[in-house]
Amino acid sequence: MSVQNSGRTLSRKQRLQEKQRRQLAVVDTVDKAEAKVRKAEIELAVAVTEAVQVFGDEHAASEGLDMPVEAIRRFLGMARDEAAGADDAPDASDGS
């Protein structure tokens, strides 16, 4: 019996292509998740910046938010970097 089901038996090249397709799909999923995390971090950085303004300074915001001062500073830096990047973007028009 030399009849093979061509839908069942994949060549080595086809198996490698399928493996590569799955790997690329995983990389794409990770990239999308990282983009969502980055967006969430930026939103949190903006909220922390607003909290610092409301509380008056980093230390008061740290106590009010129950967040280490180092984390507050990291988020403030992220917000600054994002604002600087938005100022460089051609469609930035919020006037901040």
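Engineer: Whenever I open this one, a nonpolar patch on the surface confuses me. Can you help?
Structural biologist: Taken together, the side chains of Val54, Phe55 and Leu65 make up a nonpolar region of the molecular surface, amounting to roughly 290 Å² of accessible area. Take Leu65: it is sitting in helix 2 (residues 58-65). For Leu65, a relative accessible area of 34% gives the class partly exposed.

Engineer: Even after reading the chapter, I still don't get the environment of Ala83, so can you show me in this structure?
Structural biologist: Take Ala83: it is sitting in helix 3 (residues 69-88). Exposure remark for Ala83: the relative accessible area of 39% places this residue in the partly exposed category. Separated by 37 residues in sequence, Ala83 and Val46 place their C-alpha atoms 9.6 Å apart.

Engineer: Got a minute to help me understand the packing of helix 1 (residues 12-55) against helix 3 in this structure?
Structural biologist: Two quantities define a packed helix pair, namely the angle between the axes and the distance from one axis to the other. Where helix 1 meets helix 3, the closest approach of the two axes is 8 Å, and the angle between their N-to-C directions is 110°. If you check the angle between helix 1 and helix 3, you find them roughly perpendicular. Between helix 1 and helix 3, the residues in contact are Arg38, Glu41, Ile42, Leu44, Ala45, Val48, Thr49 and Val52 and Ile72, Arg74, Phe75, Leu76, Met78, Ala79 and Glu82, respectively.

Engineer: Explain the side chain of Ser62 to me, please; I cannot follow it from the model alone.
Structural biologist: Following the sequence through the fold, Ser62 ends up in helix 2. In this structure the side chain of Ser62 is engaged in a polar contact, spanning 2.4 Å, whose partner is the backbone oxygen of Met67. Sequence-distant contacts of Ser62, that is, excluding residues within four places in its chain, are made with Met67, Pro68, Val69 and Ile72.

Engineer: Can you walk me through the nonpolar core in this structure?
Structural biologist: If you look at soluble globular proteins, the nonpolar side chains tend to sit buried side by side. Counting residues in each nonpolar core, the largest one holds 12 residues, listed as Ile42, Ala45, Val48, Val52, Ala61, Met67, Ala71, Ile72, Phe75, Leu76, Met78 and Ala79. When residues of this core are traced back to their parent elements, those giving at least two are helix 1 and helix 3. Counting residues per element, this core draws most heavily on helix 3, which supplies six residues. In this structure Ile42 touches Met78 and Glu82, once residues within four positions along its chain are discounted.

Definitions and limits used
- Residues numbered from 1 in each chain as written.
- Predicted model: local features only at pLDDT ≥ 70, side-chain atom pairs only at ≥ 80, totals over all residues.
- Heavy atoms only, no water.
- Patch = residues over 30% accessible without salt bridge, like charges linked within 9 Å, V, L, I, M, F, W, Y side chains within 5 Å.
- Areas by Shrake-Rupley, 256 points an atom, 1.4 Å probe, with all protein chains shown as cover.
- Salt bridge = Lys/Arg side-chain N within 4 Å of Asp/Glu carboxyl O.
- Helix = DSSP H or I, 4+ residues; strand = E, 2+ residues; numbered from the N terminus.
- Buried < 20%, exposed > 50% of the residue type's maximum accessible area, 1.4 Å probe, protein only.
- Axes fitted to C-alpha atoms, helices over the stretch in contact; angles between N-to-C directions.
- Parallel < 35°, antiparallel > 145°, perpendicular 65-115°, else oblique.
- Contact = heavy atoms within 4.5 Å.
- Polar contact = N/O pair within 3.5 Å; in protein donor to acceptor, adjacent residues only side chain to side chain.
- Core = buried A, V, L, I, M, F, W, Y, C linked by side-chain atoms within 4.5 Å.

Keep in mind these numbers describe shape, not what the thing actually does.
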